[in-house]
Amino acid sequence: MSYRKGSKVWVEEKGEGWLEAEVVDAKERAVVVLTSQRKKISVLPEKLLPRDTDEDLGGGHVDDMTKLTYLNEPGVLYNLKRRYALNEIYTYTGSILIAVNPFTRLPHLYNEYMMEQYKGVRLGDLSPHVFAVADASYRAMVNDSRSQSILVSGESGAGKTETTKLIMRYLTYVGGRAVLDDRSVEQQVLESNPLLEAFGNAKTIRNDNSSRFGKFVEIQFDKTGRISGAAIRTYLLERSRVVQINDPERNFHCFYQLCASGKDAELYKLGHASTFHYLNQSKTYELEGTNNEDEYWKTKRAMDIVGISRSDQDAIFRTLAAILHLGNIEFSPGKESDSSKIKDSTSNFHLQMTATLLMCDPDLLVSSLCSRSIHTNEGIIIKALDCAAAVANRDTLAKTVYARLFDWLVENINKSIGQDVDSKAQIGVLDIYGFESFKHNSFEQFCINFANEKLQQHFNEHVFKMEQEEYKSEKINWSYIEFIDNQDMLDLIEKVVSLRYLLVYMFPKSTHVTFATKMFRNLSSHPRLEKTKFSETDFSISHYAGKVTYQTDSFLEKNRDYIVAEHCNLLSSSRCPLLSGLFTSLPEESVRSSYKFSSVASRFKQQLQALMETLSSTEPHYVRCVKPNSVNRPQLFENQSVLHQLRCGGVLEAVRISLAGYPTRRTYAEFVDRFGVLVPELMLGSYDERALTESVLEKMKLDNFQLGRTKVFLRAGQIAILDVRRAEVLDNAARRIQGRFRTFIARKEFVKTKEASISVQAYCRGCFARKMYKIMRETAAAIILQKHVRRLIVQRNYQEACSAALLIQSCIRGFIARRYFSTIREQKAALVIQSFWRKRKVAMLFQHYKRATIAIQCAWRQKLARKELRKLRMTANEAGALREAKNKLEKKLDDLTLRLTLERRIRAAGEETKLVEISKRDKIIETLSAECAAAKSSARSEHDKNLLLQRQLDDSLGEIAMLRSNKILKAEEEKQNSNLKNIVKSLSEKNSLLENELSTARKSSDDTMEKLKDVEGKCTHLQQNLVKLQEKLTNLENENHVLRNKAFNISPKTVSEKFSASIGLPNSEQKHIFETPTPTKHLAPIPHSTGTRRQKLPVERHEGNHEILSRCIKENLGFKDGKPVAACIIYKCLLHWRAFESERTAIFDHVIEAINDVLKAKEADGRLPYWLSNTSALLCLLQKNLRSNGFFGTPSHRSNGSLGLGGRTGQLVGRGDTLAQVDARYPAILFKQQLTACVEKIFGQLRDNLKKEISPLLSVCIQAPKSTRAQPGKASKSPGAGAQQPSNSHWDNIVNFLNLLMDTLRENYVPSFFIRKLITQLFSFINIQLFNSLLLRRECCTFSNGEYVKAGLSLLEKWITDVTEEFAGTSWHELNYIRQAVGFLVIHQKRKKTLEEISQDLCPSLSIRQIYRICSMYWDDKYNTQGISNEVVSAMREMVNKDTANLVSNSFLLDDDLSIPFSTEDLSMAIPATDYADVELPECLHLHPSVQFLLKVS
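Keep in mind the model is a prediction, meaning the values are calculated, not measured.

Definitions and limits used
- Residues take numbers from 1 onward in each chain, read along the sequence in its written order.
- Restriction of local features to residues with pLDDT of at least 70 applies here, the model being predicted, together with a cutoff of 80 or more for giving and counting side-chain atom pairs; totals for whole chains, interfaces and linings are based on all residues.
- Based on all heavy atoms of the structure, the side-chain values leave hydrogens and waters out of the count.
- In this scheme, a residue with accessible area under 20% of its type's maximum is buried, one over 50% is exposed, and one in between is partly exposed, where area comes from a 1.4 Å probe on protein chains only.
- Strands here are runs of E lasting at least two residues and helices are runs of H or I lasting at least four, both read from the DSSP assignment and numbered beginning at the N terminus.
- Two strands pair under a simple rule: DSSP has to find at least two bridges between them.
- Note on definitions: angles span 0 to 180 degrees between N-to-C directions of axes, and those axes are lines fitted to C-alpha atoms, for helices only across the stretch in contact.
- By the convention used here, residues are in contact when the closest approach between their heavy atoms is within 4.5 Å.
- What makes a salt bridge here is a side-chain nitrogen of Lys or Arg within 4 Å of a carboxyl oxygen of Asp or Glu, nothing more.
- N or O atoms closer than or at 3.5 Å make up a polar contact, with two conditions inside protein: a donor-capable atom paired with an acceptor-capable one, and, for residues adjacent in sequence, both atoms drawn from side chains.
- In these notes the angle categories are as follows: under 35 degrees is roughly parallel, over 145 is roughly antiparallel, 65 to 115 is roughly perpendicular, and the rest is oblique.
- Throughout, a crossing is termed right-handed when the near helix is turned clockwise from the far one, and left-handed when it is turned anticlockwise from it by less than a right angle.
- Three residue categories are used. Nonpolar comprises Ala, Val, Leu, Ile, Met, Phe, Trp, Tyr, Cys and Pro, charged comprises Asp, Glu, Lys and Arg, and polar comprises the others, including Gly.
- Like-charged residues are merged into a patch within 9 Å and nonpolar side chains (Val, Leu, Ile, Met, Phe, Trp, Tyr) within 5 Å, provided each residue has over 30% relative accessible area and no salt bridge.
- Per-residue and other accessible areas were derived by the Shrake-Rupley procedure at a 1.4 Å probe size, with only the shown protein chains allowed to occlude residues.
- Counted as positive: Lys and Arg. Counted as negative: Asp and Glu, with His and the chain ends omitted from the count.
- The atom standing in for a charge is NZ when the residue is Lys, CZ when it is Arg, CG when it is Asp and CD when it is Glu.
- The span you would expect from a helix comes to 1.5 Å times its residue count less one.
- Here the bend at a residue means the angle between the axes of two seven-residue stretches, the one that ends at it and the one that starts at it.
- A score between 0 and 100, pLDDT records how confident the predictor is in each residue.

What follows covers the pairing of strand S8 (residues 148-153). A large share of S8 lies buried, amounting to six of its six residues. Residues of S8 alternate between two faces, with Gln-148, Ile-150 and Val-152 on one and Ser-149, Leu-151 and Ser-153 on the opposite face, all of them buried. Here S8 pairs with strand S17 (residues 425-431) via five bridges, running parallel. Across the sheet, residue Gln-148 finds its bridge partner in S17, namely Ile-427. Here S8 runs beside strand S23 (residues 619-626); their pairing, made up of six bridges, is parallel.

Given below as structure tokens:
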């Protein structure tokens, strides 16, 4: 493939696996690329892989990797990495699910609501999930009646066990159990996990807890699809690990746990693990973060849970200890040649301990280890074994005992779980070890990789089959597609196994060198087998996951697996029942041969074949678990590790199979949307997408493509050719746009320069004109200035002469005025002193008289108060305890009244003091005004005198010399004159201050008045609340009194039966209720008179009138003037028959039962609005017209106006109700409670029915139809677009549904209160369904889909506006979540939005987790713009991760509200009273004798 500059590619790198890069220079033999790390590299074109140019659009990831534009290794890797960064841990590859371990809790993905969402949904319709795979297997089993299997693979720590648990949990949820059990199948299987891990798991080089066996959990189902049982099948146990391990691996966990068990280890004479040969071959005895002793007790607890008895547990651990002691038995050459014996005393001790623990004969044990018997016709021949044979014999015994013990444990676990042998179908979950490739690979890795090759072949067949099914469904020609098979690899491994078998069986003396020589001689021509360079015995095999080099040093030893007759005879004779049961006696023909040969490889092959037969008989489903990093940390993705796992898990092999066929497949709409730019001439007008696709491919001269029914299929590399051509077309278009844009910019600059030059010329001309104008203006100004200067000089001379004359006159007049003013001031000062002294004397005398008067008044009032206090104490001592309670309430009211009085007095006193101060200030102001007037009059007189002096001045010019001598006196008098002016000014300032204080005082007085008014209002409100509380208290006491007296007067058995029949409580609760009466106030005994008996008689006579009530309930009597006829007739009958006043009657129970029967009928759903209206009206009549105070007598000492209990009850009864009040007895009170429950039941049933009806309408409204989705930059011009429904047709269905609902409710005259509550809860359900669906389906989080939903929400808003707030209430507010989410989808320039703007302005109601979910799933399918910036997404991810540990439930989904949104008090306040008097009896009931009284009344 040729690359051009700017092409996006993947380049291989050792550390990261692959790196994103862009071509910066393309040469003939090399391509220079710039990597994401800003490094330039020169590579060969063959080593580059193409990368999608539009990968950043649509979120940068896909949920199904078959949708990748380029299905290659780096595309798969980085798609997983991007999804993992968004906590999207599941990804499809066709029908295969890839699960990446998040290493953190994500409970919102696995709750019951999520399981319900995936129940019955087709695979791929919702986001990838393990529940989707489990549901697909369950639906296939139910529909096809064929067993299914789910293969969960991956390396240890990848989450296989957790995934298996989730699959079983989902199957338990959808399948349930046919027989009730305390524990679910999931719990029972998981409880056995610690036991299986202890005996089947071990530490390997890569993992500390690696499963060394395959586990197949089989969940069995009956014919109805319900779980009937379960079983665990184990395969391919690595038996050789018991006797031989490599450093730093470990043996099975159970041996180390037993050595660290403390007292139990001492009991079996066990020491540290390093003292045993089977364990000290590796120096690793402890695991980091694991305590062997704690694990030992966990294993014992698991045995208890599974049901293994204590004796069997002891036998199991004795057997394990015996195996360890058996491994420490060493041999030395015997006396005879080729014989052996026990080496020393230490070995003899371990021999004795082994025999003791196995409960067998020590001599027989020695004989079975050091010799073998051969049965011939002449007799038995005993043959001694040399040391090497004895050691091999010992290891064979250890492996055989451990393998059979493991099988026994699995069998007991299955008995504990309970399997169904008659099951017709089952779903198996396989959890098996994955492909292994270490630095040193031995016989175990060879067998494990053989099993994985077999499973990979099965996987390849399944993938190829899925490919074929898709090709068939699309009706394309696929016959020539080559199937990529690994049968040659399996043939090679089986030949190696057969060769090893022959060598061990035919040539027991063979070594690994012999084996390697034979293998290279016979199989050297095989292309997958290679001989290593630096070893004569090692060999390499090219597996599907890569090349693995095997060391053959211990191949033959690990492969030997003899069934020795002496071993079976030895252990079958054991006194331990468990061991003797594991080893039954061999048949006669087997006894004739001491050895029954069997190799580990052949046994492994047989078990593997059995597993493959089981899998072949089922329909497979695959889950590949991936461990993202080796340190088990969240949000850490190691590319190389994941790549290795993808290769070992066969995911990349599946990609290779897809590449062999048609790896690129696109729907016609997607293909035209991406490559329609290549044929712009065909895009004009209407077009057929399939024909247009074919035209594009023909124009590009591409071969080997297929056109299916809905998709186009392209061979590998063809999409790259199309992308290159598309990039060229887009580049040319970009250049054309740039040229036009540059032309526009140049012309714009030219016009701008031209306009600038004209502006400069105009400015220059203006400057010249302004300069000439300035010169002319300055000349005129000089002339005017000269004229004004001359005028000023003349004017100044005149003013100097004038001022001199005025100065002389003022001096003379000032002297005369000052002399007169000093005389007046002295007289005024004397008067002021005299007035202040007289006032002081009078004030002192007044204060003396006032204090004396107050003292006399206080003494007299004190005397009167003492008398009154003595009277009150005597009166208080005579009152009882009941009076005290009443006085407390009255005292509270008196306190409030007293406070109000005090406030009023304080206000009055404040006003009086302010009036006094105001009067004082007015007097001072009057005094100052008088002084000012005197000063003014003196000034006038002075003025007159000045006139006289002026005349004298004219007459006596000769006295000028004398005046000059008095000039000094004149200056002093001027100073005094200025002082007088200052005094007048200060007096005026004081006057203004006094006026300000007066206005402030008036304002404070007004504020005090307002506060007093508020206090009075609060006092009145408290009094009203107090009255209401006392009224409620009275009613509750009355009803309590009725119930208590009824309980005391009626037998406990009768009351218990009646009460349980009415409200459904168990008898134990009723007994507790009636045996512990509430310790309320003392109540007077109920008077029994003959009048009560007379009241019972009419009710007893009318108990036979149930038929008329049944007819009223069963028949639809309709409405009159908006009033329900049935409710009014029933109430009239009950009132006429005096049922409410009866102490015993069954008529109420009959009414409730009849209503319940009507609601249980088939057509009940259509009559729910009718009965909601009737029952609510009847309940309202009962609440308005019944009272429960018939047993109370009003005390004689209380008047009607009293605020006591009786008075308040009277106020409650007569608070404006026009209908007569009826005294209610116990049955009537109970009937009211039952009727309340009936109203709530009808409301809840109606609400649930509406939710069921609207759910299918909502399911098609969350996603826009394909025909309505706008393509980028253009509208759809498909010829079939006009025939399809408009974009809002589904929403119109919802609006029509709501209109029909409103019409139905209005026709049945349902009170607006119920309509408002019903509509509000219905819109809340719409909000929840739409919002949850939006968060669960990635194809819904698009720009065009947001526009579609927003248009639908506008229709709902218009509907809410049309029905008015009376019926809709807060329905629009209930849609907050979906409105804000959709608003976020359709806003532009999302990358510029900050986290604060999104969380506070755009989506204030949504949590960060919900916003993060929308951001991670959003993609713009209309304009191909990018979503939220990476910085904002990272910040949200950090906040989500921090909150995950703190939240109890971190689900991003909304929960439905199933509560009843109203109470009894709400009904009584919201529903208006019904006047039943004018409701007439229907004609159909006129002939009934029981209701003739209604006709008479009318």
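On the basis of which strands lie adjacent, the open sheet formed by three strands has the order S18-S19-S20 and antiparallel pairing. In this open sheet, the two strands that pair with only one neighbour each are strand S18 (529-531) and strand S20 (546-550). Looking at each pair of strands side by side, their axes are set apart by 25 degrees on average, direction ignored. With respect to the sheet, helix H16 (residues 512-523) is in contact with S18 and strand S19 (539-543), its orientation differing from that of S18 by roughly 125 degrees.

A word on the sheet that holds strand S7 (residues 96-100). Strand order across the open sheet formed by seven strands is S6-S7-S23-S8-S17-S11-S12, with mixed pairing between neighbours. On the outer flanks of this sheet lie strand S6 (90-93) and strand S12 (227-235), each paired with one strand and no other. Across the sheet, the mean angle from the axis of one strand to that of its neighbour is 20 degrees, orientation sign disregarded. Pairing geometry for S6 and S7, over four bridges, is antiparallel. Bridge pairing links Tyr-90 to Ala-99 in S7.

Now for the pattern of salt bridges. Per the counting criterion, the structure on display carries 26 salt bridges. In this structure, Arg-83 engages Glu-88 in a salt bridge whose closest nitrogen and oxygen atoms are separated by 3.7 Å. Note on Arg-83: relative accessible area 2%, which makes it buried. Residues Arg-528 and Asp-488 are paired through a salt bridge, measuring 2.9 Å at the closest nitrogen-oxygen approach. Placement of the pair is Arg-528 in the loop between H16 and S18 and Asp-488 in helix H15 (residues 487-506), with a sequence separation of 40 residues. Via salt bridges that share partners, Arg-212, Glu-238, Arg-241 and Glu-249 belong to a single interconnected network.

Turning next to the environment of Glu-293. The topology assignment puts Glu-293 in helix H9 (residues 292-306). Given a relative accessible area of 36%, Glu-293 falls into the partly exposed group. For the pair Glu-293 and Leu-258, spaced 35 residues apart in sequence, the C-alpha separation works out to 7.7 Å.

Let's shift gears to the side chain of Ser-1399. On the secondary structure map, Ser-1399 appears in helix H44 (residues 1395-1402). For Ser-1399, the side chain forms a polar contact with the main-chain oxygen of Leu-1395, separated by 2.8 Å. Setting aside anything within four residues of it in sequence, one finds Ser-1399 in contact with Pro-1404, Ile-1408 and Ile-1411.

With that settled, consider the packing of H9 against helix H10 (residues 310-327). In the contact formed by H9 and H10, the axes pass within 10 Å of each other and the chain directions differ by 140 degrees. Accordingly, the angle class assigned to the pair H9 and H10 is oblique. Here the hand of the crossing between H9 and H10 comes out right-handed. Together, Tyr-296, Lys-300, Met-303 and Asp-304 of H9 and Arg-310, Gln-313, Ile-316 and Phe-317 of H10 make up the contact between the two elements. The class makeup of the residues in the contact of H9 with H10 is four nonpolar, one polar and three charged.

Taken N-terminus to C-terminus, the directions of helix H40 (residues 1312-1336) and helix H43 (residues 1376-1386) make an angle of 40 degrees; their axes are 8 Å apart at the nearest point. Counting all contacts with H40, which are made through Asn-1327, Leu-1330, Phe-1331 and Leu-1334, the residues of H43 involved are Asn-1376, Tyr-1377, Ile-1378, Ala-1381 and Leu-1385. Of the residues contributing to the contact of H40 with H43, the split by class is seven nonpolar, two polar and no charged.

This part takes up a nonpolar patch on the surface. On the surface, Phe-741, Phe-744 and Ile-745 cluster together into a nonpolar patch covering about 310 Å² of accessible area. Along the polypeptide, Ile-745 turns up in helix H26 (residues 718-878). For Ile-745, a relative accessible area of 34% corresponds to the partly exposed category.

To continue, consider helix H22 (residues 639-648). Among all positions of H22, only Asn-639, Val-642, Leu-643, Gln-645, Leu-646 and Cys-648 are buried. Taken from the residues just after H22, Gly-650 is the one with a positive phi, measuring 85 degrees.

Residues Lys-863, Arg-866, Lys-867, Arg-870 and Lys-871 make up a contiguous surface patch of positive charge. Its location among the elements puts Lys-871 in helix H26.

Okay, the environment of Phe-675 next. One can find Phe-675 in helix H24 (residues 668-675). The class for Phe-675 is buried, based on a relative accessible area of 1%. Between the C-alpha atoms of Phe-675 and Thr-693, which are 18 residues apart in sequence, the distance is 8.4 Å. Not counting chain neighbours up to four residues away, the residues in contact with Phe-675 comprise Val-696, Ile-719, Leu-722, Asp-723 and Arg-726.

Along its 26 residues, helix H41 (residues 1343-1368) runs just 30 Å from first to last C-alpha, ending more than 12% under the 38 Å computed at 1.5 Å per residue. The largest bend in H41 is about 70 degrees, located at Asp-1362. For H41, the side-chain oxygen to backbone nitrogen distance between the N-cap and Asn-1345 is 3.2 Å, and the N-cap itself is Thr-1342. Among the residues trailing H41, Gly-1369 stands out with phi positive, at a value near 60 degrees.

Here the protein chain averages 78 in pLDDT, while 81% of its residues score no lower than 70. Note that pLDDT drops below 50 for residues 1046-1104; the model gives that stretch 57 contacts with residues more than four away or on any other chain. Across residues 1190-1219, where pLDDT falls below 50, the model places 42 contacts with residues more than four positions away in sequence or in other chains.

Omega for the peptide link from Asp-247 to Pro-248 comes to 10 degrees, which places this bond in the cis form. Secondary-structure assignment places Pro-248 in the loop between S12 and helix H7 (253-259). One non-glycine residue, Phe-103, lies in the positive phi region at around 55 degrees. Tracing the backbone through its elements, the reader meets Phe-103 in the loop between S7 and helix H2 (112-118). Of note in this structure, Lys-269 is not a glycine but carries a positive phi near 55 degrees.

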